[in-house]
Amino acid sequence: MLDRLFTIRAQGSSPKQEILAGVATFLAAMYIIVVNPSILSDAGIPFSSALTATVIISFFGSLMMGLYARNPILVAPGMGINALFTYTMVLGAGIPWQTALGCVFWAGVIFAVLAVFNVRRYVIDAIPAQLRYAIACGIGLFITTIGLVNAQFLVTSPATVVSMAPMSAPIVTFLIGMAATALLVARGVQGALIIGIIFTTLIAWPIGRWWGDGSAYLGASTLVNYNGIFAWPDFSGLLKVDILGALDVAYLPFTFVILFTIFFDALSTFMGVCQAGKLLDKNGEPRNIRQSMVIDAISALISAPLGTSPANAYVESAAGISQGGRTGLVAVVAAMLFLPFLFLSPLLSLVPAIATAPALIMVGVFMLDPIRMINWYEMDDAIPAFIAMILIPLTYSITHGVVFGFLSFVIVKVGVGKAREVKPTMWVLFALSILMLMEG
């Protein structure tokens, strides 16, 4: 039945491989269940309410992505956009969080219209192949950076901006888990990333109990913690969105920034992940991209009534694709794994960040494959590609990397007398990128 529904064998996979890939994707992204509410709570949204909304939208969005778009891509509230929602809109501009959710709602409505009318086709056609390859590589480097930061191997430094953390029990444990995961991947072991996560979790158990201290991670000396099993969901944030208030002219720039961010985050994620996983159609475009964008748009739209910042496609989906996931069953499995945490959220404390970090770093390795497709011998191609690729991880934002990739492509091509290579839609994207930076 599964094979008929998802054409698993026709895609060169098996139900077992798809299920393992779904588990790997969930494990790589499950941190959002706790991290998203912790950020939104700074905006005034109750933590337990935001957690409930996070689980529901992650379940719904991922399930629809698997069943309708048939892509192995997880959907959940986006990192970065939740920070923009909390720290720029609510705390920075003083917008009530209910009204900020209204801005999210209207951005989702416009996104849905753009998706239904297939506007992404004009955007994809305008983006040159060199930038597509660079975006895929940049997302890979971004995922690696997330892993290193989550493990606190990479830390801020007043002298050098970033630095390697001093050796400690958690760092040594992370490095051992990293080595074990890398060896499993190199030996071609099926389910290598999941095995690596489980192994690293087990060897992290003694920290704070028999040796070392994990206080820097969770505020508790132990990294692996049992905080109970059951917690009731909280629906107090449901339908608290101020839809009419968000139509105030003063809030339109924020709606535009949200729209621009979620549109290009989604498009870039689909292009990058599908390019790296070779999930492409006969035209070389991401497979089922129209259906995927529609689901992404609907997920962003219904995030607001649920009481959370917008959901979008997750780059951590590459963890499952790297495990051989090829079909929508991956997203369905990940969705089903989210749902129990409406009631079982305390169990998340059993898997520490240093356990999922090696998997994210390995995903970065897999996603750098398109780098060989970039024409490094033509500087007018290489420079925009490099700028997009390197700024995605350095700015901690897919959207900002893409925006500067667009800007540099147009400027360099015009500067060297190749303006004819800039398609009309790219000029529109150039203008929108400038406007987005001005608003941001």
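Residues numbered from 1 in each chain as written. Predicted model: local features only at pLDDT ≥ 70, side-chain atom pairs only at ≥ 80, totals over all residues. Heavy atoms only, no water.

K.L.:
Give a description of the pattern of salt bridges that names residues and reports values.
P.N.:
One pass over the structure, following the stated rule, counts 4 salt bridges. Put simply, K413 and D380 hold a salt bridge, and the shortest N to O gap is 2.6 Å. In this pair, K413 is assigned in helix α18 (residues 398–415) and D380 in helix α17 (residues 379–394), connecting sequence segments 33 residues apart. Residue classification places K413 among the buried positions, given a relative accessible area of 1%. (Salt bridge = Lys/Arg side-chain N within 4 Å of Asp/Glu carboxyl O. Helix = DSSP H or I, 4+ residues; strand = E, 2+ residues; numbered from the N terminus. Buried < 20%, exposed > 50% of the residue type's maximum accessible area, 1.4 Å probe, protein only.)

K.L.:
Kindly report on helix α8 (residues 129–150), identifying the contributing residues and their values.
P.N.:
Across its 22 residues, α8 extends 32 Å between first and last C-alpha, which sits within 8% of the 32 Å expected from 1.5 Å per residue. Of all 22 residues in α8, 18 are buried; the element is thus mostly enclosed. One or two positions beyond α8, positive phi appears at Q152, with a value near 60°. (Expected span 1.5 Å × (residues − 1).)

K.L.:
Give me the environment of T88: which residues, what numbers.
P.N.:
Along the polypeptide, T88 turns up in helix α5 (residues 81–90). Put simply, T88 and K413 are 325 residues apart on the chain and 34 Å apart in space, counted from C-alpha to C-alpha. If near-sequence neighbours (up to four positions away) are discounted, T88 is found in contact with A83 and A93. (Contact = heavy atoms within 4.5 Å.)

K.L.:
Before we move on, can you summarise the packing of helix α9 (residues 169–186) against helix α16 (residues 353–367) with the specific residues and values?
P.N.:
Two elements in contact, α9 and α16, have axes separated by 9 Å at closest approach and are oriented at 45°. Judged by the inter-axis angle, α9 sits oblique to α16. In this structure, α9 crosses over α16, and the sense of that crossing is right-handed. Contacts from P170, T173, F174, G177, M178, T181, A182 and V185 in α9 reach I354, A357, P358, I361, M362 and F366 in α16. (Axes fitted to C-alpha atoms, helices over the stretch in contact; angles between N-to-C directions. Parallel < 35°, antiparallel > 145°, perpendicular 65-115°, else oblique. Left-handed = near helix turned anticlockwise from the far one by under 90°.)

K.L.:
How would you summarise the side chain of E18 if you had to cite specific residues and measurements?
P.N.:
Here E18 is to be found in helix α2 (residues 15–29). At 6.5 Å, R326 is the nearest oppositely charged side chain to E18, a buried residue that forms no salt bridge. In this view, E18 contacts I8, S13, G324, G325, R326, T327, L329 and V330; residues no more than four positions away in its chain are not counted. (Lys, Arg positive; Asp, Glu negative; His and termini not counted.)

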